[in-house]
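Examining the three-dimensional arrangement
Here is what each chain is made of, one letter per residue.
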Amino acid sequence: MHGHRLTRHQRLLATVTFFSMFFGAGNLIFPPFLGVQAGSATVPAAAGFIVSAVGLPILGVLAVSAAGGFEQLANRVSPKFSLVLGVAIILTIGPCFAIPRTATTSFEMAVVPFTADAPRWLTQLVYSLVFFALSFVMAQHPERLSKTLGRFMGPLLLVLIAVLFAACLVIGHGAFTAPYGNYASGQLARGFLDGYQTMDLLAALYFGIVISANVREMGVTDESANRRETGLAGVGTGVMLIAVYGALSYVGMVSGAFATIDPAKDNGATVLTNLTASAFGPWGTAFVGLVFVVACFNVCTGLISTCGTYFQNRFPRVAGRRVSYRAWSAIFAVFSFIVSNAGLSTIVTVSVPVLAALYPIAIVLVVLALVHRPFSGRFPHMYFWTVLLVGIVSAVDCLDQLITVFTGLTVAPLHVVTLLPLYSAQLGWLLPAAIGLAIGVAVSLAKRTTAAAR
């Protein structure tokens with residue numbers, strides 16, 4: 001045991017565990033979908049995707065470990081804000097969206113193609129019951145996830161993706177297609193926006209809690225050393241994600257040489273199935289199904305651990321009664337099981353605008369944390385004002401989208417946010433952030449002057 005640092009082997013285990021918690025169905029689907037549409041222009045498209053899909057989450061991990069945890073970071077705005085934002089992010093990336101989706105996506109890919117004659121509701125019920133029960137059992141020792149995800153499930157996933165990539169290198173295929181669909185032009189910018197939509201930054205802000213516990217379990221108890229090792233695991237995860245996203249984008253290019261897709265109707269799952277059907281025949285469908293099950297199971301276990309740990313730390317007692325980690329993780333597993341069977345489409349419809357509203361707030365916090373020492377720390381009111389203005393715009397936009405989704409109506413006063421510069425690129429929050437920064441600097445300077453005059 002090293003009191004202040006991990007051995008190389010332990011560091012690799014922590015990194016693979018981190019990677020396994022990140023890499024779910026969305027991460028598996030986006031890059032091939034990019035590759036098939038970008039075709040011969042995949043390199044700039046994949047570069048743009050990697051900058052936002054890997055860069056933002058890893059910067060998030062580094063910002064959070066430097067601040068001593070997400071709570072400490074959000075407390076720079078205010079403690080109440082920290083609690084509200086924390087609960088909103090955890091519920092959205094957890095039981096209300098991402099956890100149920102892990103079961104439904106893996107079911108669609110691994111079970112549906114082989115059970116056409118059986119009643120779908122029944123097979124889904126049985127599959128998701130087994131899926132969540134196993135994931136719950138595995139999540140019971142979040143501090144020991146590196147023993148399961150790091151040693152077995154993560155490496156298994158990496159081997160499966162490597163087999164897929166190797167098949168693409170040796171398989172005979174036609175010429176790569178010209179870019180079409182969303183990637184017909186401006187591939188670099190389009191890739192950046194699609195990477196932004198993986199929403200991995202939100203998970204990154206909290207996965208650090210579980211990784212930090214694993215690092216502690218491996219013997220690094222010193223707080224600053226633990227933070228350093230958690231940050232290193234985050235950087236290592238970034239390197240792995242870049243390699244895997246690059247490989248999967250190439251898989252998409254090769255798949256596109258066999259069969260084009262309709263970007264309006266198909267998704268990355270179709271791209272993978274087209275390729276494996278060409279490369280492995282009937283076995284291909286089973287192979288892709290297995291990749292999806294492993295990826296989704298890893299993420300589900302990581303999310304149940306993260307949500308359970310957060311709620312146990314934040315709400316150890318409810319109505320005067322002590323609520324254990326096991327109880328919280330059971331609540332999340334059961335709720336997710338019900339949602340995944342009862343109506344995921346509605347949950348997804350509500351969650352997407354909510355995710356899109358939380359994301360800019362998280363980005364602003366991370367950027368301010370990264371420049372805390374030279375800049376934000378000197379003007380502390382920047383945190384409050386920037387987050388306030390970005391939060392208002394995000395909340396109005398979220399409400400506008402939800403009203404449109406459920407009623408089909410457009411409320412003119414709310415719809416005014418769509419006039420913001422770069423709104424169509426999902427970056428309408430940049431102008432409010434810049435104004436918030438300016439106000440924060442001005443308020444900080446004014447308060448400093450007043451204090452000095454006294």
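Residues numbered from 1 in each chain as written. Predicted model: local features only at pLDDT ≥ 70, side-chain atom pairs only at ≥ 80, totals over all residues. Heavy atoms only, no water.

Going by the annotation in an unreviewed UniProt entry, the name recorded for the chain is Branched-chain amino acid transport system II carrier protein, with Bifidobacterium scardovii given as the source organism.

Moving on to helix H19 (residues 430-453). Its 24 residues place the ends of H19 35 Å apart at the C-alpha level, agreeing with the 34 Å of an ideal helix rising 1.5 Å per residue. Here H19 has its buried residues at Pro 432, Ala 433, Gly 436, Gly 440 and Ser 444. (Helix = DSSP H or I, 4+ residues; strand = E, 2+ residues; numbered from the N terminus. Expected span 1.5 Å × (residues − 1). Buried < 20%, exposed > 50% of the residue type's maximum accessible area, 1.4 Å probe, protein only.)

Once that is clear, we can look at helix H8 (residues 120-138). Helical periodicity: at 3.6 residues per turn, an α-helix aligns residues three or four positions apart in one direction. The terminal C-alpha atoms of H8 lie 27 Å apart, and with 19 residues this matches the ideal 27 Å at 1.5 Å per residue to within 8%. Among the residues of H8, Thr 123, Gln 124, Tyr 127, Ser 128, Phe 131, Phe 132, Ser 135 and Met 138 are the ones counted as buried. Down the axis of H8, the smallest arc covering the buried residues is 145 degrees, so these residues share one side. Of the surrounding secondary structure, the elements contacted by the buried residues of H8 are helix H7 (98-110), helix H9 (145-170), helix H14 (283-314) and helix H15 (325-342). (Arc of directions from axis to C-beta. Contact = heavy atoms within 4.5 Å.)

Here we take up the pattern of salt bridges. Taken as a whole, this structure holds nine salt bridges when the rule is applied. Note that Glu 229 and Arg 11 form a salt bridge whose closest N and O atoms lie 2.9 Å from each other. Of the two residues, Glu 229 sits in helix H12 (residues 223-258) while Arg 11 sits in helix H1 (residues 8-22), which places them 218 residues apart along the sequence. Note that Arg 120 is salt-bridged to Glu 108, the shortest N-O span being 2.4 Å. A residue pair is termed long-range when its members are at least 10 positions apart, and Arg 120 in helix H8 and Glu 108 in helix H7 qualify at 12 residues. Using a relative accessible area of 40% as the deciding quantity, one classes Glu 108 as partly exposed. In this structure, a network of salt bridges that share partners links the residues Arg 11, Arg 228 and Glu 229. (Salt bridge = Lys/Arg side-chain N within 4 Å of Asp/Glu carboxyl O.)

Turning next to the environment of Ala 63. Mapping Ala 63 onto the fold places it in helix H4 (residues 55-67). Classification of Ala 63 as buried rests on a relative accessible area of 2%. If sequence neighbours within four positions are ignored, Ala 63 has contacts with Val 366, Ala 369 and Leu 370.

As for its position among the elements, Val 393 is in helix H17 (residues 381-407). Overall, the relative accessible area of 18% leaves Val 393 in the buried class. Residues Val 393 and Val 251 lie 142 residues apart in sequence; the distance between their C-alpha atoms is 38 Å. Leaving out residues up to four positions away in the same chain, Val 393 has contacts with Val 417, Leu 420 and Pro 432.

Looking at the chain, the domain boundaries give domain 1 (8-341) and domain 2 (346-453). A separation of 26 Å is found between the C-alpha centroids of domain 1 and domain 2. Residue-level contacts link 24 residues of domain 1 with 25 residues of domain 2. Carbon and sulfur atoms make up 83% of the surface buried where domain 1 meets domain 2, a total of about 2400 Å² over both sides. Put simply, domain 1 and domain 2 have zero salt bridges between them. For the interface between domain 1 and domain 2, the tally reads three residue pairs in polar contact (both at pLDDT 80 or more). Of all the secondary structure elements, the ones that give two or more residues to the side of domain 1 that touches domain 2 are H4, helix H5 (70-75), helix H6 (79-93), helix H10 (187-196) and helix H11 (200-217). The greatest single-element share of the side of domain 1 that touches domain 2, amounting to five residues, is contributed by H6. Split by residue class, the side of domain 1 that touches domain 2 holds 19 nonpolar, three polar and two charged. (Domains from an automatic or database assignment. Buried area = accessible area lost by both parts, 1.4 Å probe. Polar contact = N/O pair within 3.5 Å; in protein donor to acceptor, adjacent residues only side chain to side chain. Nonpolar A, V, L, I, M, F, W, Y, C, P; charged D, E, K, R; others polar.)

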